[in-house]
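Geometric and topological summary
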Amino acid sequence: ATAIRQGTSTYDSKVYSLPIDADYMATVVREDLAGNTTLDTWEQWVAFAESQNGTDMNGDGKPDHGACIALGPAGHFSVFGVLMAIAAPHLQLGGTPQGAFFNTDTLEPKLTAAAMSQIYPDAPSSFSFETALALYKRLVDVAVPGVSAKDAWDYFKNGSCSTWISLPGFVYKTQDTKFGTTNMLTRNVPNATMARVEAPGVPCPSRSTCPYASDTSSGLVSRAPFLATSGFGFAISSKASAIQQQLLFELFTYVSAPEQSNPDVQEWTVSDPFRLSQLDNETIADLVERGWDEPVARQYLEVVDATLNHPNAALDLRVPGLGLYMSSLLDATDSYVHGTARRRRAESADAACEAASDAWQAIPLQLYGQEPAATNTQLDIYRAQLGLPQIVRDTGGGGNEEIALIVTAAVGGMAAAVILGAFAFWIVATLRRKRALERQAEATIKKQIVSAVDALKEIQAPLALIRASDFLEIGSLQSHEALRDKGVLHFVDTTSQFIETVFTRYVTVFFSHQWLAFGDPDPRGEQYAVMVKAARSIAALEKVPLEDIFLWVDVISISQSCRSVQTLAINSLPCFASLLKYFVTVCPTVKHADTGAVCNKASYHERCWCRAELMSFWARNGTERMFYATGGSGAARRSEVGGEEPEGMALEPMAPEGVTESFVDAIKVFHGSLSCCRLGHAGGTACCDKEELMLPMLGLYAEIYAKRDGACKRINDAIEGHLDEIFPRTFEYCANGTTVQKLLFGDLVTVLRHDIDQAVAGGRTGRPLQIGKLQQGTSKAADAPIPHGTKHGSKHASAGPRH
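Residues numbered from 1 in each chain as written. Predicted model: local features only at pLDDT ≥ 70, side-chain atom pairs only at ≥ 80, totals over all residues. Heavy atoms only, no water.

Re the pattern of salt bridges
Defined as follows: Salt bridge criterion: a side-chain nitrogen from Lys or Arg within 4 Å of a carboxyl oxygen from Asp or Glu. Numbering of helices and strands runs from the N terminus; a helix is a DSSP stretch of H or I covering at least four residues, while a strand is a stretch of E covering at least two. Only protein chains enter the area calculation, which uses a 1.4 Å probe; residues under 20% of their type maximum are buried, those over 50% are exposed, and those in between are partly exposed.
Enumeration over the complete set of coordinates arrives at 26 salt bridges. Here R290 and D176 are joined by a salt bridge, their closest N and O atoms 2.6 Å apart. In this pair, R290 is assigned in the loop between α12 (281–289) and α13 (294–308) and D176 in the loop between α8 (168–175) and α9 (184–188), connecting sequence segments 114 residues apart. Under the relative-accessibility criterion, D176 is labelled buried at 0%. A salt bridge links R753 to E720, with the nearest nitrogen and oxygen atoms 3.1 Å apart. Here R753 is found in helix α34 (residues 748–761), whereas its partner E720 is found in the loop between α32 (713–719) and α33 (723–726), with 33 residues between them in sequence.

Okay, structure coming up:
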């Protein structure tokens, strides 16, 4: 598994051992007591333990404990492991290479608020060791006092605790039936059940802050399972003789090979699952044969898989002086955590964190004897543990410049020394700048991809809808503000609220159309009449009254006066379009009031924003509920949504023959025309609407590609051969009579596909992508200023023939 390769087998990106075991802090709960309790975060975990503390959990008439954790004389390792299991997700947000212990640029411990704010300036204050320490103290207060890891195991299997944090070997022995019918816990306490669950995490506000966070019932949660010791591996000393090395190598490869190790990890050995082949369906079958229930076996392996292959898994510390780091941390926090149980509680959490940080910063000097070399030496070792390259340092004539001086000695002459020294310095400086730019580019690309995924997960502005019955009463397309003041609009603030309160109870319709004048969407009421007929037809299709249908229409649903709210709503158009049940393109053949141009199906499909709405709905819902409404009698049939064709049908299926080449042409969003382009982007001072659309469209493709073998297979297959046209690398930007090529998607699609493939394959997709050398997407998104006087019509309207 990914984490085991990093934790036990590699150092400085080189392989030094063969893995034979995986270790981490496993989190276990009494399933019969927890029921449906949500345990996604450490706050929820501790609160559950507190709620159970003092109750009789095993029927012996005595009060039991909220937690079983190592606290006593069994050594610092197990105690340190529990504390760091809670602390890791509070200290590491951006992936395993960031590490959970130190700033990877300075070796400053991540134990104080100041240290964390330097690394994660945008993260909430809850991401801190102080927060984790307070949670740990609360757990200690409800735990069995003073017990070792072995004693904690005994207490849990005898039913005396509601939660348990321990190494996976103890947990497996308790959970395993060993060819019986029940596990240790159930044999000791009838009807008691246990479950190994994913390590809890910390609530996070956004994926830009926590790129590896999980969507849970509690919201976005950033996890960092702590790989305590990571396990162990076999290595061979270079001092061994050739014959000894050969014999040991043959022994180690035999023991670690799947044929031997796969059965071993199902026995009560020192070895726990560490290979991917030990987490598959065949293993589930083996566990069922041992007496496990199939759902329990599947959950157990899913949790192990999620732990060992988590992209934000936190590696244990592997540096000289490990014992000093563990003991000094526990000593510095002891009086705060244990209080009168050991000594008077005289310190706050903040003071304990500062004391621990000071103790850690003093350790390199104790080990190596001279600064700054001591800190630099330890930092290089720590970075090598995480697979990070060594830092190139200026050493006043040593280091990189020393190479040039060696060459100079061979050439001879003072002038040559000066020239070569300067040349070497220039090379080093150039390489540093190049690497810094590549790191910055990689960070930007990753952030853009995270933002793209987030763009379709949550609406950026309230979704405003109008009941079809009210729509028929208003008599024309009226502005958002006018209808809001009349009290006929219904607002939904979040995607989840929409699904819970609207989508599951009512029929929803997205009306997509062109504007028929520069300042008025429907000056003659022609499109309104078609929308009325379409609403009646959908009521007939669904066999529901008009009161049970909600409509979205741009001029009604988007603010026409407040520019900031309008911008947020316009940028949410792809999300709005994809959420509703029906998509109806309103396109009667009429003339534009200002230009005299004919507006119809063809002109509708020329518009970039119309294409974006169409693409957004289709990508999430398919073509079954996509219709044209032209004002004539349509050909929609009830059979397409179940039933007979009603009389007076005013809807025409948009894709009666499925997804044809002409349909694919219609969803090439960025080939559509835009009013901002026609108006010259305010003389080059405003971004193009295509730049605003880039992230939502990329997020849409992320969904399609991630589900390409399942729900989105037909959609993915339809666009796979057209990616360069649907998601172009660049676009033409026109201003002041000049046209230039600007970045649009850049290489984001390539990186997105690579990241999804990596996630599916557990990081095993060949050579890593050199993201820092690729092109990011457009640097200008939806934050560009809107020129004064711009209305939604100028973005979304038909201004005549495509230009």
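Let's talk about the side chain of T163
For clarity, the threshold we go by: Counted as a polar contact is a pair of N or O atoms within 3.5 Å, where, for protein atoms, one must be capable of donating a hydrogen and the other of accepting one, and residues adjacent in sequence contribute only when both atoms are in side chains. By definition in these notes, contact holds between two residues if any of their heavy atoms fall within 4.5 Å.
Structurally, T163 is set in strand β6 (residues 161–166). In this structure T163 comes out as buried when scored by relative accessible area, which is 1%. Reaching out from T163, the side chain makes a polar contact with the backbone oxygen of G66 at a distance of 2.8 Å. Ignoring sequence-local partners within four residues, the contact set of T163 consists of V28, V29, W45, F48, A49, G66, A67, C68 and F156.

Topic: the environment of L472
Among the secondary structure elements, L472 is positioned in helix α19 (residues 468–474). For L472, the residues in contact, after removing those within four places along its chain, are Y528, V532, R536 and L546.

As for a negative patch on the surface
As a reminder of what qualifies: Patches here are clusters of residues that have more than 30% relative accessible area and form no salt bridge, with a 9 Å joining cutoff for like charges and a 5 Å cutoff for nonpolar side chains (Val, Leu, Ile, Met, Phe, Trp, Tyr). Where accessible areas are quoted, they stem from the Shrake-Rupley method and a 1.4 Å probe; at the residue level, only the protein chains shown are allowed to cover. A positive count includes Lys and Arg, and a negative count includes Asp and Glu. His and the chain ends are not counted in either. Throughout, a charge is located at the NZ atom of Lys, the CZ atom of Arg, the CG atom of Asp or the CD atom of Glu.
A contiguous patch of negative charge, built from E130, D350, E354 and D358, is present on the exposed surface. The biggest single contributor to the negative patch is helix α15 (residues 349–368), with three residues. Note on placement: E354 falls in helix α15.

Details of the nonpolar core
We apply this condition: For our purposes a nonpolar core is just a set of buried Ala, Val, Leu, Ile, Met, Phe, Trp, Tyr and Cys residues, chained together by side-chain atoms within 4.5 Å.
Grouped together as the largest cluster of nonpolar side chains are 112 residues, with contacts concentrated most on F101, Y136 and L139. Not counting the four nearest positions on each side in its chain, F101 is found in contact with F80, M84, E108, P109, K110, F226, L315, D316, L317, W360 and Y382. Within the second largest apolar cluster, 76 residues are counted, among which are M626, L700, I719 and L752.

Quick word on the sheet that holds β6
Note the cut-off: Between any two strands, at least two bridges found by DSSP are needed for them to pair. Only the contacting stretch of a helix is used when fitting its axis, a line to C-alpha atoms as for every element, and angles between N-to-C directions run 0 to 180 degrees.
Spatially, four strands are ordered β5-β6-β4-β7 in an open sheet, and the strand pairing comes out mixed. The open sheet has two edge strands, β5 (65–68) and β7 (194–197), and neither has a second partner. Strand-to-strand, the axes of this sheet are offset by a mean angle of 20 degrees, without reference to chain direction. As defined by bridge partners, β5 adjoins β6 across three bridges and the pair is classed as parallel. Looking at the pairing, H65 lines up with C161 of β6. Contacts between helix α3 (residues 42–52) and the sheet are confined to β4 (26–30), β5, β6 and β7, with β6 contributing the most and set at about 135 degrees to the helix.

What to know about the packing of aromatic side chains
Condition: Stacked, edge-to-face and tilted labels apply to pairs of Phe, Tyr and Trp rings (six-membered ring for Trp) whose centres lie within 6.5 Å, assigned for plane angles under 30 degrees, over 60, and everything in between, in that order. Whether a charge lies above a ring is judged from NZ of Lys or CZ of Arg, which has to be within 6 Å of the ring centre and within 35 degrees of the ring normal.
Applying the stated criterion across every chain, the model contains 28 aromatic pairs. Look at F731 and Y733: their rings are 6.4 Å apart centre to centre, the planes differ by 85 degrees, and that puts the pair in the edge-to-face class. Look at F731 and you get buried, because its relative accessible area is 5%. Since its relative accessible area comes to 8%, Y733 is described here as buried. A network of ring pairs unites the aromatic residues F80, F101, F102, F226, Y325, W360 and Y382 as a single cluster. A cation over an aromatic ring shows up here: K157 above the ring of W153, its NZ or CZ 3.8 Å from the ring centre. A cation over a ring is seen here: K601 above Y628, with NZ or CZ 4.4 Å from the ring centre.

Interpretation in functional terms is not warranted from these geometric data alone.
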